[in-house]
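Notes for the structure review
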Amino acid sequence: TLKLDGKSIPGFPTKAKAKQFTKLAKLDTTTLSDGQHALELVAVDSSYQQNTLKLEKAFHVDNKPFDAALITSSFLVNQGDTLHVKIQTNKLLGDAQISFLGKKYPCCRTSPYETAYEGFVPIDCEIECQPFPLAVDLTDMTGGKLALDGTVKISKIDFPKQKGFT
């Protein structure tokens, strides 16, 4: 027998009269509620001792569409400062990376109780003062991918002149 959350799956045969038995059970997870589920297979042979094999597998269903947004999509940062990027998502992420000027920077969760993430990007002191594109690549726990885009405008800062040794 094959059971999902303790209930038999309709259409799956309860008896097989063969030494080897292969049956594909299709399960539409879009009809299941979000959360943890249990699949149980019990096989009993036709011998005198009625040997039994029981397999259990727990799995998680997530039918929500993956959605995320940058808290701010346009950034203004000074030369030599650090850019702080904040991201709000509707589910936990497996990976989040910021791409800026050919380099990648990791993002991390801001709190274990939220689905907000943040990343920090160092801005070079000698970078040109102009807008640059920023890309954020997100991957949720089920492998769904999402890309976010933003713009970083670098503003000039006059650094004090260094005095030499006399």
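Thresholds applied
Residues numbered from 1 in each chain as written. Predicted model: local features only at pLDDT ≥ 70, side-chain atom pairs only at ≥ 80, totals over all residues. Heavy atoms only, no water. Helix = DSSP H or I, 4+ residues; strand = E, 2+ residues; numbered from the N terminus. Polar contact = N/O pair within 3.5 Å; in protein donor to acceptor, adjacent residues only side chain to side chain. Pairing = 2+ DSSP bridges. Contact = heavy atoms within 4.5 Å.

With respect to the helices, strands and loops of the structure, serine 99 is situated in strand β8 (residues 93-100). Here the side chain of serine 99 touches lysine 104 through a polar contact of 3.1 Å, side chain to side chain.

Another point: the sheet that holds strand β2 (residues 7-8). The strand order β2-β1-β3-β4 describes an open sheet built from 4 strands, whose pairing is antiparallel. Two strands close off the open sheet at either side, each with one partner strand: β2 and β4 (52-61). Direction of pairing for strand β3 (residues 35-44) relative to β4: antiparallel, over a ladder of 10 bridges. Bridge pairing links alanine 43 to leucine 53 in β4.

Inspection of the secondary structure puts glycine 119 in strand β10 (residues 116-122). Considered as a pair, glycine 119 and alanine 96 are 23 residues apart in the sequence and their alpha carbons are 8.8 Å apart. Not counting chain neighbours up to four residues away, the residues in contact with glycine 119 comprise Leu83, His84, Val85, Ile98, Pro106 and Cys107.

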